[in-house]
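Here's the letter readout for the chains.
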There are 2 protein chains.
Amino acid sequence: MTRASSFRLDATSGKARTGVIQTPRGDIRTPAFMPVGTAATVKAMMPESVAATGADILLGNTYHLMLRPTAERIANLGGLHSFMNWDKPILTDSGGFQVMSLADLRKLTEEGVTFRSHIDGSKHLLSPERSMEIQKLLGSDIVMCFDECPALPADRKALDDSMRLSMRWAARSKEAFGDRPGYALFGIQQGGLEEDLREESAKALREIGFDGYAVGGLAVGEGQAAMFGCLDFAPDQLPTDKPRYLMGVGKPDDIVGAVKRGIDMMDCVLPSRSGRTGQAWTRRGQVNIKNARHADDPRPLDEDCTCPACRNYSRAYLHHVFRAQEMISGMLLTWHNLHYYQELMQTMRDAIAANDFAGFEARFHADRAEGDIVPL
Amino acid sequence: MTRASSFRLDATSGKARTGVIQTPRGDIRTPAFMPVGTAATVKAMMPESVAATGADILLGNTYHLMLRPTAERIANLGGLHSFMNWDKPILTDSGGFQVMSLADLRKLTEEGVTFRSHIDGSKHLLSPERSMEIQKLLGSDIVMCFDECPALPADRKALDDSMRLSMRWAARSKEAFGDRPGYALFGIQQGGLEEDLREESAKALREIGFDGYAVGGLAVGEGQAAMFGCLDFAPDQLPTDKPRYLMGVGKPDDIVGAVKRGIDMMDCVLPSRSGRTGQAWTRRGQVNIKNARHADDPRPLDEDCTCPACRNYSRAYLHHVFRAQEMISGMLLTWHNLHYYQELMQTMRDAIAANDFAGFEARFHADRAEGDIVPL
């Protein structure tokens, strides 16, 4: 695995872009949605089923995996791909975001973050160097810089200080990552919603030089309008010849709005988490399968969808198994949601290739405006 | 669907039998193990995965389905096969066993059992006539008589009274079932561990006449030795030209002992329930995947097993996802267990066809005597 990773931009439509990230483990068609496999599994899914939805790449979480089963154990077992039976590319986050949201007794210093595990209380350090080491042990194809991600709203001074710390950590991450042909390192832009801080962050990252650039620090409570406001300028500040990754996004309309603004990659737990709580996403919006209106409905979630949940089961069945708390409820709805998300990405890739993103966007919103099918 | 169901006995080896139950929905190779799909799903499994393990038939539970989503609703939706996406045969129990073990405030009379739902407290009646109606609404291919199943130990008078009630209910079940070409009705022998009561029950059932005969009232707390003691005579009391079904059994060695004694069909929640609690069954016995000895073990559960859990995952992974309470743990272990059970049935069918059941049984016990593979 010595072939380099590279990004090929194939077409644009407005600011929307389509292309391919080429990696030794396979191509990632962009714009790409990455399902989240937090603890070495996309919850409720077999990995071959995740692949069947059209996913080219998964996201794994450094924070969870370092604590359980540990990165060293996964390395001894042959790496994360083999461990979880997924041979396509894997991107791992740096652990920075989740250590701040999940860990106990965390302490932030210039060196990094010390914290106690939320699982067993054991003490750990995450730093740029340790994060790079863990992601290498996991065998991640796309490694993320270790950064700090402040919650929004935050005052400008805090955002400024945090961004500068993240940029120093980005330089240390690059140094620690070293030269690893076939593996990519992405920098993460910070700066909250402040255009000048975002520009300063982008400049610092460009000077260090990365294989891709993430827009970090969004989808942390600011709301869609504020996020889109930031995405009106943030992606433009990043190099055009490298992939741009918006972390932790989002709902289908968030994703469409992000792609429209020049984003190439996204990840989110939403389709899988929704699937486990009885929420389905279709072309016509969100369906709450718990609702009694579905109890006798022989129709599928979406008659045009080709996923197993829609091909083989009625809304009545999906309603029943959710009510009965059967595992197949989460299995089928997660599959449907991931299938819908991947189909949405393919539709956008096709529209961009045809230079018709505006047409796609109009149809996307028109379908949703119709709302769910009317009860029988 | 007007073709009749029939049983063809192909070979015997000692008392062990192999054959085929032919139904309009497909052949059931015997001895057969039926996975349990209580609430219109085999827990943690997609139905196509259940079929891939080699199952020819599923069991559905009348008691659960009549309460939720209700038999009338399933009938309106096209029947249980279509509802749960399983087009092979389905056997449904009569509800008699579970109404006594699960329902609240039950009251037994000659007419049947009135009870309150354990789900919502609603009041219901189960009787031979209502059980036949429900099983017809579900579209069950093999319908079971409504019976009473006393817990063991029980005194002889109670067993006698209960058996006679069940035989009166068997006659009413036959009358209510009527003439339904392509669908089979099975009688259920009762009588506890008493040979003369079992004989009397068998005689009553033979006089009514059924398409198959179940040995009921076992696996209810009497222990394996007592159960085998009863199976030394009970199957012999039933017609040889019809399938014999031992209800609610069991562990692998229970199943082998039952087949040895002339049983053709069995069902049990054990392989799926075990799979959700970290217990795997292999040729070499039971494996508790929770045990820390597996945390670093790169080997599969059983290197000779061809199920997805064994082909694609290490014990270390299975241990990790169980500890992390990930759904894929139950999905993989259930698949493995059902695969192992079906492979065991196929091995027995082959051994009987080769008139070598004794040889099979010796190898079965020798493999188990070895115990699980030693830790690395």
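Note that the structure is predicted; figures quoted are calculated from it, not measured. (Residues numbered from 1 in each chain as written. Chains lettered and ligands numbered in written order. Predicted model: local features only at pLDDT ≥ 70, side-chain atom pairs only at ≥ 80, totals over all residues. Heavy atoms only, no water.)

1. Observations regarding the relation of the copies chain B and chain A
Moving on, step 1. The transformation that overlays chain B on chain A combines an axial shift of 0.0 Å with a rotation of 180°, and the residual RMSD is 0.0 Å. Expressed as a symmetry operation, the mapping of one chain copy onto the other fits a two-fold axis. Measuring from the rotation axis to each C-alpha of chain B, the shortest distance belongs to Met 327 of chain B, at 3.9 Å. (Least-squares fit on C-alpha atoms with pLDDT ≥ 70 in both.)

2. Looking at the packing of aromatic side chains
Moving on, step 1. The full count for this structure, using the stated rule, is 18 aromatic pairs over all chains.
Moving on, step 2. By the ring-pair criterion, three or more aromatic residues cluster together here, those being Phe 33, Tyr 340 and Tyr 341 of chain A.
Moving on, step 3. The aromatic ring of Phe 210 of chain A is capped on one face by Lys 174 of chain A, whose charged end is 5.9 Å from the ring centroid.
Moving on, step 4. Sitting over the ring of Phe 228 of chain B, Arg 261 of chain B keeps its end group 4.1 Å from the ring centre. (Phe/Tyr/Trp six-rings, centres within 6.5 Å; stacked < 30°, edge-to-face > 60°. Lys NZ or Arg CZ within 6 Å of the ring centre and 35° of its normal.)

3. Here's the deal with the layout of surface pockets
Moving on, step 1. Each pocket or cavity is described by its volume, and for the largest pocket that value is around 1000 Å³.
Moving on, step 2. Along the walls of the largest pocket sit 47 residues, with Phe 97, Gln 98, Asp 267, Val 269 and Arg 273 of chain B positioned nearest its centre.
Moving on, step 3. Looking at the lining of the largest pocket, the elements that each hand over two or more residues are helix H5 (96–102), helix H9 (224–231), strand S14 (265–268) and helix H11 (270–276) of chain B.
Moving on, step 4. Taken together, the residues of the lining of the largest pocket break down into 19 nonpolar, 17 polar and 11 charged.
Moving on, step 5. Lining the second largest pocket are 44 residues, and of these Asn 61, Phe 97, Gln 98, Asp 267 and Val 269 of chain A sit closest to its centre.
Moving on, step 6. Of all elements in the fold, only helix H5 (96–102), strand S14 (265–268) and helix H11 (270–276) of chain A reach the threshold of two or more residues within the lining of the second largest pocket. (1 Å grid on protein atoms, 1.4 Å probe; cavity = no way out; pocket = protein on both sides within 12 Å on 5 of 7 lines; lining within 4 Å. Points joined across faces, edges and corners; volume = space filled by probe spheres on them. Helix = DSSP H or I, 4+ residues; strand = E, 2+ residues; numbered from the N terminus. Nonpolar A, V, L, I, M, F, W, Y, C, P; charged D, E, K, R; others polar.)

4. Some points on the environment of Ser 101 of chain A
Moving on, step 1. Along the chain, the position of Ser 101 of chain A falls in helix H5.
Moving on, step 2. Judged by its relative accessible area of 46%, Ser 101 of chain A falls in the partly exposed class. (Buried < 20%, exposed > 50% of the residue type's maximum accessible area, 1.4 Å probe, protein only.)

5. Section: the pattern of salt bridges
Moving on, step 1. A complete count under the given rule lists 58 salt bridges over all chains for this structure.
Moving on, step 2. One salt bridge connects Arg 8 of chain B with Asp 10 of chain B, and the closest N-O pair in it is separated by 2.7 Å.
Moving on, step 3. The exposure class assigned to Arg 8 of chain B is partly exposed, which follows from its relative accessible area of 38%.
Moving on, step 4. The network of salt bridges with shared partners includes Glu 72, Arg 130 and Glu 133 of chain A. (Salt bridge = Lys/Arg side-chain N within 4 Å of Asp/Glu carboxyl O.)

6. Topic: unusual backbone geometry
Moving on, step 1. Here the amide bond leading from Thr 30 of chain A into Pro 31 of chain A is cis, since omega sits at 0°, within 30 degrees of zero.
Moving on, step 2. Looking at the element boundaries, Pro 31 of chain A is found in the loop between strand S3 (26–30) and strand S4 (32–35).
Moving on, step 3. One non-glycine residue with positive phi stands out, namely Gln 325 of chain A, at about 55°.
Moving on, step 4. Among the structural elements, Gln 325 of chain A can be located in the loop between helix H13 (315–323) and helix H14 (327–353).
Moving on, step 5. Residue classification places Gln 325 of chain A among the exposed positions, given a relative accessible area of 72%.
Moving on, step 6. Residues other than glycine seldom take positive phi values, yet Leu 105 of chain B does so here, at roughly 50°.
Moving on, step 7. Mapped onto the elements of the fold, Leu 105 of chain B is located in strand S7 (residues 104–108).

7. Brief notes about the UniProt feature "active site" in chain A
All names here are of chain A.
Moving on, step 1. Those residues carrying the UniProt feature "active site" are Asp 93 and Asp 267 in this numbering. These annotated residues cover 175 residues of sequence, and their C-alpha atoms all fall within 10.4 Å of one another, placing them together at a single site. Checked against the lining of the second largest pocket, the annotated residues reduce to Asp 93 and Asp 267.
Moving on, step 2. Tracing the sequence through the fold places Asp 93 in the loop between strand S6 (90–92) and H5.
Moving on, step 3. Beyond its immediate sequence surroundings of up to four residues, Asp 93 is in contact with Gly 60, Asn 61, Thr 62, Tyr 63, Gln 98, Gln 135 and Met 144.
Moving on, step 4. Here the side chain of Asp 93 touches Asn 61 through a polar contact of 2.6 Å, side chain to side chain.
Moving on, step 5. Mapped onto the elements, Asp 267 comes out in strand S14.
Moving on, step 6. Not counting chain neighbours up to four residues away, the residues in contact with Asp 267 comprise Phe 33, Met 34, Val 36, Leu 59, Tyr 245, Leu 246, Met 247, Gly 248, Val 249 and Gly 250.
Moving on, step 7. Among the polar contacts made by the side chain of Asp 267, one reaches the side chain of Tyr 245 at a distance of 2.7 Å. (UniProt positions renumbered as here; feature names shortened; annotations may be inferred. Contact = heavy atoms within 4.5 Å. Polar contact = N/O pair within 3.5 Å; in protein donor to acceptor, adjacent residues only side chain to side chain.)

8. A look at the interface of chain B and chain A
Buried accessible area, meaning the area lost when the parts come together, often serves as the stated size of an interface.
Moving on, step 1. Facing 38 residues of chain B, the contacting portion of chain A comprises 38 residues.
Moving on, step 2. Across the interface of chain B and chain A, roughly 3200 Å² is buried in total on both sides, 62% from carbon and sulfur atoms.
Moving on, step 3. For the chain B face of the interface with chain A, the top three residues by lost area are Met 46, His 320 and Met 327 of chain B, together amounting to 20%.
Moving on, step 4. On inspection of chain B and its partner chain A, the count reaches four salt bridges. (Buried area = accessible area lost by both parts, 1.4 Å probe.)

9. Let's talk about the side chain of Ser 13 of chain B
All names here are of chain B.
Moving on, step 1. Positionally, Ser 13 belongs in strand S1 (residues 6–13).
Moving on, step 2. For Ser 13, a relative accessible area of 8% puts it in the buried group.
Moving on, step 3. Polar contacts involving the side chain of Ser 13 include one to the side chain of Asn 355, which spans 3.0 Å.
Moving on, step 4. From its side chain, Ser 13 meets the backbone nitrogen of Phe 357 in a polar contact 3.0 Å long.

10. Digging into helix H13 (residues 315–323) of chain B
Moving on, step 1. Of all nine residues in H13 of chain B, eight are buried, a share of seventy percent or more.
Moving on, step 2. Remark: Gln 325 of chain B follows H13 of chain B within two positions and exhibits a positive phi of approximately 55°.

11. Describing the environment of Lys 242 of chain B
Residue and element names in this part refer to chain B.
Moving on, step 1. Along the chain, Lys 242 turns up in the loop between H9 and strand S13 (244–246).
Moving on, step 2. Take Lys 242: its relative accessible area is 26%, and that puts it in the partly exposed class.
Moving on, step 3. The sequence separation of Lys 242 and Phe 7 amounts to 235 residues, and the corresponding C-alpha distance is 6.0 Å.
Moving on, step 4. Not counting the four nearest positions on each side in its chain, Lys 242 is found in contact with Phe 7, Arg 17, Phe 210, Asp 211, Gly 212, Tyr 213 and Asp 264.

12. Overview of the packing of helix H10 (residues 252–260) of chain A against H14 of chain A
Residue and element names in this part refer to chain A.
Moving on, step 1. Packing of H10 against H14 brings their axes to within 11 Å, and their N-to-C directions diverge by 25°. The pairing of H10 with H14 is recorded here as roughly parallel in orientation. Here H10 runs over H14; the crossing is right-handed. On H14, the residues touching Pro 252, Ile 255, Val 256 and Val 259 of H10 are Tyr 340, Tyr 341, Leu 344, Met 345, Met 348 and Ile 352.
Moving on, step 2. In the contact of H10 with H14, the residues fall into 10 nonpolar, no polar and no charged. (Axes fitted to C-alpha atoms, helices over the stretch in contact; angles between N-to-C directions. Parallel < 35°, antiparallel > 145°, perpendicular 65-115°, else oblique. Left-handed = near helix turned anticlockwise from the far one by under 90°.)

13. Section: the UniProt feature "binding site: substrate" in chain A
All names here are of chain A.
Moving on, step 1. Summarizing the sequence annotation, UniProt attributes the feature "binding site: substrate" to Asp 93, Ser 94, Gly 95, Gly 96, Phe 97, Asp 147, Gln 190 and Gly 217 in the numbering used throughout. From the list above, the second largest pocket is lined by Asp 93, Ser 94, Gly 95, Gly 96, Phe 97, Asp 147, Gln 190 and Gly 217.
Moving on, step 2. Apart from the residues within four sequence positions on either side, Gly 96 is in contact with Phe 146 and Asp 147.
Moving on, step 3. The residues touching Phe 97, leaving out its near neighbours within four places in the chain, are Cys 149 and Val 220.

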